[in-house]
Amino acid sequence: MRKALVPQGIESRFVGITEHGHLIIRSGTTLVALTPCCQAVATFHDYTLCCKRCWQEVSLEFADEPQVAIPRDQLTITLIAD
Ligand SMILES: [Zn+2]
């Protein structure tokens, strides 16, 4: 089974991972993929999509609602401290 490292603070909202292995969480009625650098959401800063925690530029794939490639129930989840 594929493994996923999930920060404790988002564990209750974690729904699965993308085909690239990025974590997906539920945010209200939509799904959001988290940045690989910080497991944070991405946001536009001027015209550049950035990680909201470290402000490093991230792929534009984080601007769209993600597709769940592997759902949570098919993953072995290891919780990590926030
Ligand atoms: Zn970051």
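Everything discussed here concerns the structure shown above.
Residues numbered from 1 in each chain as written. Predicted model: local features only at pLDDT ≥ 70, side-chain atom pairs only at ≥ 80, totals over all residues.

Sorry, what's going on with unusual backbone geometry here?
Trans is the common state for peptide bonds, and a negative phi is the common state for residues other than glycine. For Asp46, which is not glycine, the phi torsion reads 55 degrees and is therefore positive. With respect to the element layout, Asp46 can be found in the loop between strand 5 (42–45) and strand 6 (48–51). Phi at Trp55 takes a positive value of approximately 65 degrees, unusual for a residue other than glycine. Position of Trp55 relative to the elements: it lies in the loop between strand 6 and strand 7 (70–71). Overall, Trp55 belongs to the partly exposed group, with 13 C-beta atoms counted inside 10 Å. (Helix = DSSP H or I, 4+ residues; strand = E, 2+ residues; numbered from the N terminus. Buried ≥ 20, exposed ≤ 12 C-beta atoms within 10 Å, placed from the backbone.)

Can you walk me through the environment of Phe14 in this structure?
Locating Phe14 in the fold gives a position in strand 2 (residues 14–17). Along the primary structure Phe14 and Glu65 are separated by 51 residues, whereas in three dimensions their C-alpha atoms are 14 Å apart. In this structure, Phe14 is in contact with Val6, Leu23, Ile25 and Arg72, ignoring residues within four places of it in sequence. (Contact = placed C-beta atoms within 7 Å.)

Looking at this model, I keep getting lost on the sheet that holds strand 2. Mind explaining?
Taken in spatial order, the 4 strands of this open sheet run 4-3-2-7, and their pairing is antiparallel. Because the sheet does not close on itself, it has two edges, and the strands there are strand 4 (30–33) and strand 7. Of the pairings in the sheet, the one linking strand 2 to strand 7 comprises 2 bridges and is antiparallel in character. Across the sheet, residue Ile17 finds its bridge partner in strand 7, namely Ile70. (Pairing = 2+ DSSP bridges.)

Can you walk me through the pairing of strand 4 in this structure?
As a general feature of sheets, a regular strand has side chains that alternate between the two faces. Direction of pairing for strand 3 (residues 23–27) relative to strand 4: antiparallel, over a ladder of 4 bridges. Counterpart to Ile25 in the pairing with strand 4 is Val32. Between the end of strand 3 and the start of strand 4, which pair antiparallel, lie 2 residues, with Gly28 showing a positive phi angle near 65 degrees.

Can you walk me through the pairing of strand 3 in this structure?
In terms of strand pairing, strand 2 meets strand 3 through 3 bridges, oriented antiparallel. The partner of Gly16 across the bridge, within strand 3, is Ile24. Hairpin connection, strand 2 to strand 3: the antiparallel pair is bridged by 5 residues, and Gly21 has positive phi, about 90 degrees.

Any chance you could explain the environment of Thr43 here in plain terms?
Looking at where Thr43 falls in the secondary structure, it is placed in strand 5. Along the backbone, Thr43 and Ala63 are 20 residues apart, and their C-alpha atoms lie at a distance of 7.6 Å. Ignoring any residue separated from it by four or fewer positions in sequence, one finds Thr43 in contact with Cys50 and Lys52.

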